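The residues making up each chain are set out below.
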Amino acid sequence: MTDLAFSTLGCAGASLDHVLDLARRNRIGGLELRAAEDEFTNVGLSPIERRTLRNRIEDAGLEILAVSSYVRLCAVEEQPLEAHLELAADLGARGVRVFPGDDPTGDDPTGDDPARTTDGPTPGELRALDRVTTAPKDVHIFLETHDSHSAGRRMAALCALLDAESPGHNTKVIWDSAHTWSHGETPAEALGLLRPWIDFVQIKDSDSTQGFKPVAIGTGDYPIGELMQALHGTPYWLSLEWELKWHHHLPPLDEALPATWKWITTG
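Residues numbered from 1 in each chain as written. Predicted model: local features only at pLDDT ≥ 70, side-chain atom pairs only at ≥ 80, totals over all residues. Heavy atoms only, no water.

A short note on the pattern of salt bridges
Under the defined criterion, the tally for this structure stands at 19 salt bridges. Its salt-bridge partner being Arg56, residue Asp17 comes within 2.6 Å of it at the nearest N-O pair. Of this pair, Asp17 sits in helix 1 (residues 16-25) while Arg56 is found in helix 2 (residues 47-59), placing the two residues 39 residues apart along the sequence. Given a relative accessible area of 47%, Asp17 falls into the partly exposed group. With a shortest N-O distance of 2.6 Å, Asp199 and Arg94 are connected by a salt bridge. In this pair, Asp199 sits in strand 7 (residues 198-203) while Arg94 sits in the loop between helix 3 (81-91) and strand 4 (95-99), placing the two residues 105 residues apart along the sequence. Linked by salt bridges that have partners in common, Arg97, Glu144, Asp176, Lys204, Glu241 and Glu243 make up one network. (Salt bridge = Lys/Arg side-chain N within 4 Å of Asp/Glu carboxyl O. Helix = DSSP H or I, 4+ residues; strand = E, 2+ residues; numbered from the N terminus. Buried < 20%, exposed > 50% of the residue type's maximum accessible area, 1.4 Å probe, protein only.)

The structure is reproduced here in structure tokens:
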């Protein structure tokens with residue numbers, strides 16, 4: 001039986017009651033909680049608010065896969081990583097989602113071009129190494145295949161750097177399977193690259209003829225059958241990263257979640 005979660009990015013600004021109801025009605029076992037000032041999950045919550053939030057989610061039988069921050073691990077600017085790690089620990093989450101956020105136009109001139117001309121890590125990746133090495137280890141740091149490291153090959157190289165230079169680090173990967181696909185990697189290829197570090201897998205449908213624009217489940221051409229075949233026998237959760245906040249043409253989660261169950265079970 002597949003374990004399915006969803007991100008509250010798909011119902012941004014909704015109440016906890018609404019999120020719990022969506023989960024109950026759609027056989028959902030886990031949540032990615034978007035952390036922002038306008039959400040019920042944010043770093044400004046008091047200790048009692050954190051306790052209440054955790055208890056309500058646990059009482060509903062749900063697991064918090066990640067607190068979804070907008071921390072950029074490779075960025076030059078200071079990032080609120082520790083505050084989000086503390087929030088995740090207080091909520092009983094498995095970890096904090098972060099973005100790589102390396103700068104393809106600044107100190108990393110090759111961006112995420114597979115034909116990189118530089119040898120060794122970029123300055124941004126060295127900043128990520130420093131932040132990972134000094135961060136608290138109560139919960140995981142989850143690097144999402146996103147922006148500068150959308151390709152599995154680049155994320156795998158960064159994770160290999162962390163393994164070599166910071167043994168015992170607490171970083172794992174959220175595999176956004178649509179992003180690696182958009183960078184030319186089949187699901188099997190991306191899984192092969194990222195397997196040592198994956199914690200869970202994000203899914204969504206997208207249309208390669210429209211610049212890999214997210215579309216309603218089942219209307220794009222993401223190879224979900226290939227993904228499910230590649231994942232057969234693995235322990236990973238699937239999480240629907242429904243980007244309704246950024247893509248208003250998408251249907252609501254009330255429609256997307258039932259469609260997702262059909263999509264992953266029938267291919």
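Side note on helix 5 (residues 152-165)
Between its terminal C-alpha atoms helix 5 stretches 20 Å, which fits the 20 Å expected from 14 residues at 1.5 Å a residue. Residues of helix 5 that are buried include every one of Gly152, Arg154, Met155, Ala156, Leu158, Cys159, Leu161 and Leu162, and no others. (Expected span 1.5 Å × (residues − 1).)

Notes on the packing of helix 2 against helix 3
Axis separation between helix 2 and helix 3 bottoms out at 8 Å; the angle between their running directions is 50 degrees. Here helix 3 runs oblique to helix 2, going by the angle between their axes. Between helix 2 and helix 3, the residues in contact are Arg50, Leu53 and Arg54 and Glu86, Leu87, Ala89, Asp90 and Leu91, respectively. Taken together, the residues of the contact of helix 2 with helix 3 sort by class into four nonpolar, no polar and four charged. (Axes fitted to C-alpha atoms, helices over the stretch in contact; angles between N-to-C directions. Parallel < 35°, antiparallel > 145°, perpendicular 65-115°, else oblique. Contact = heavy atoms within 4.5 Å. Nonpolar A, V, L, I, M, F, W, Y, C, P; charged D, E, K, R; others polar.)

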